[in-house]
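Commentary on secondary and tertiary structure
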Amino acid sequence: MPHRRKPASEVTPEYEDSGLFKNKVGQLHVELVPQSMYNARKDLVVRAFVNRTIEIEVAFAGRRVKEVGPLEARLRAVRTKALKEAAEKGLPPPDIDHMRLPVLVEGAWRPRFKRDQTGWETRSYYLFAARWSFLDEAGQTVSFGVRPMVVARQAQD
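Residues numbered from 1 in each chain as written. Predicted model: local features only at pLDDT ≥ 70, side-chain atom pairs only at ≥ 80, totals over all residues. Heavy atoms only, no water.

1. Regarding the overall build of the protein
Cut-off, in case you're wondering: Strands are runs of DSSP state E lasting at least 2 residues, helices are runs of H or I lasting at least 4, and numbering of each runs from the N terminus. To measure how exposed things are, a 1.4 Å probe is used in the Shrake-Rupley method; for residues, cover is taken only from the protein chains shown.
Per the secondary structure count, the protein includes 2 helices and 6 strands. Ordered by position in the sequence, the α and β elements of the protein form the string α-β-β-β-α-β-β-β. Accessible surface, the protein: about 10,500 Å² in total, of which carbon and sulfur atoms supply 53%.

As C-alpha cells, then:
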C-alpha cells in the first residue's frame, strides 16, 4: 500500500521527525552563504560549505521553519556588511561564496538524486537541521530548533 502524507493538522512532532531524521543525527560546523530559497514544501534551503570547500545544502524543515527568522536576518546582515565594506574600499562586490556565517548544526544527512540532461544521476546531500547555533551581531551565541523526537533508523555502515 502506498505511503500517504498525513494532513498538516494531523502531523505530530514524532511523525514529522521520523520523516525528516531517517539517519543518525550528529553535529557539524558549517558556513552558511546568504543564498537561500523556500522549496515546494516550504522548507528553507540554504547553500553552505563544510570544511571551507565542500558545498552542501542545509534544510530547515517542518515546525522548525518557524524559527528561521533570526537566521535569515543574520544572513542578510552578513551580506549587507560585505557589500558595504567593499563599496567603502572602492572594490567590486565580493563573490557570494565568500560571504559566510559559521553555524553549528545538529542534524541528519539525506541523499538527493538529480538527473542531468544526458540521463546520468548525481547524488548530493541535504543536511536537515534539528537545532542550530550561531553568533548574533552582539557576539552572543543564539540557539534555535529542537532535538529530534524520533530518529527513524541509524545510518548503515
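From this point, the narrative continues.
2. As for the pattern of salt bridges
Using the following cut-off: One speaks of a salt bridge when a side-chain nitrogen belonging to Lys or Arg is within 4 Å of a carboxyl oxygen belonging to Asp or Glu.
Applying the stated criterion across every chain yields a total of 13 salt bridges. When salt bridges with common partners are traced through the structure, they connect Glu16, Asp17, Arg63 and Arg64 into a single cluster.

3. With respect to the packing of aromatic side chains
What counts here: Note on aromatic contacts: the rings of Phe and Tyr and the six-membered ring of Trp form a pair at centre separations within 6.5 Å, being stacked when their planes are under 30 degrees apart, edge-to-face when over 60 apart, and tilted otherwise. Under the scheme applied here, a residue whose accessible area is under 20% of the maximum for its type counts as buried, over 50% as exposed, and between as partly exposed, the area being computed with a 1.4 Å probe on protein chains only.
Enumeration over the complete set of coordinates arrives at 5 aromatic pairs. With 5.7 Å between their ring centres and 70° between their planes, Tyr126 and Phe128 make a pair best called edge-to-face. As far as the burial class goes, Tyr126 and Phe128 line up, both buried. Where Trp132 meets Phe144, the ring centres are 6.3 Å apart and the plane angle is 25°; that geometry is what we call stacked. Placement of Trp132 in strand β5 (residues 121–135) and of Phe144 in strand β6 (residues 141–145) is noted, with a sequence separation of 12 residues between them.

4. Concerning helix α1 (residues 13–20)
For an α-helix the count is 3.6 residues per turn, leaving residues at separations of three or four pointing the same way. Rules: As used here, the arc belongs to the directions running from the helix axis to the C-beta atoms. Residue contacts follow a heavy-atom distance rule, with two residues in contact if any of their heavy atoms lie within 4.5 Å.
Restricting attention to buried positions, one finds in α1 the residues Glu16, Asp17 and Leu20. The arc enclosing the buried residues of α1, seen along the axis, measures out at 95°, which places them on a common side. Considering only its buried residues, α1 is in contact with β4 (101–115) and β5.

5. Some thoughts on the nonpolar core
The following threshold applies: Within this scheme, the nonpolar core is defined by two criteria: the residues are buried Ala, Val, Leu, Ile, Met, Phe, Trp, Tyr or Cys, and they are joined through side-chain atoms within 4.5 Å.
By size, the foremost hydrophobic cluster in this structure holds 24 residues, and its most contacted members are Val30, Leu32, Val58, Phe60, Leu71, Val103 and Trp132. Of all the secondary-structure elements, those providing two or more residues to this core are β1 (26–38), β2 (44–50), β3 (54–60), α2 (69–88), β4 and β5. Ignoring anything within four residues of it in the chain, the contact list for Trp132 reads Phe60, Arg64, Glu67, Val68, Leu71, Val103, Leu104, Val105, Val142, Ser143, Phe144 and Gly145. Listed in part, the 9 residues of the second largest apolar core include Phe21, Ala59, Ala108 and Ala130.

6. Considerations on unusual backbone geometry
Even without being a glycine, Asn51 presents a positive backbone phi close to 55°. Tracing the backbone through its elements, the reader meets Asn51 in the loop between β2 and β3. With a phi angle near 70°, Arg52 is a residue other than glycine that sits in the positive phi range. Structurally, Arg52 can be placed in the loop between β2 and β3. Judged by its relative accessible area of 53%, Arg52 is exposed.

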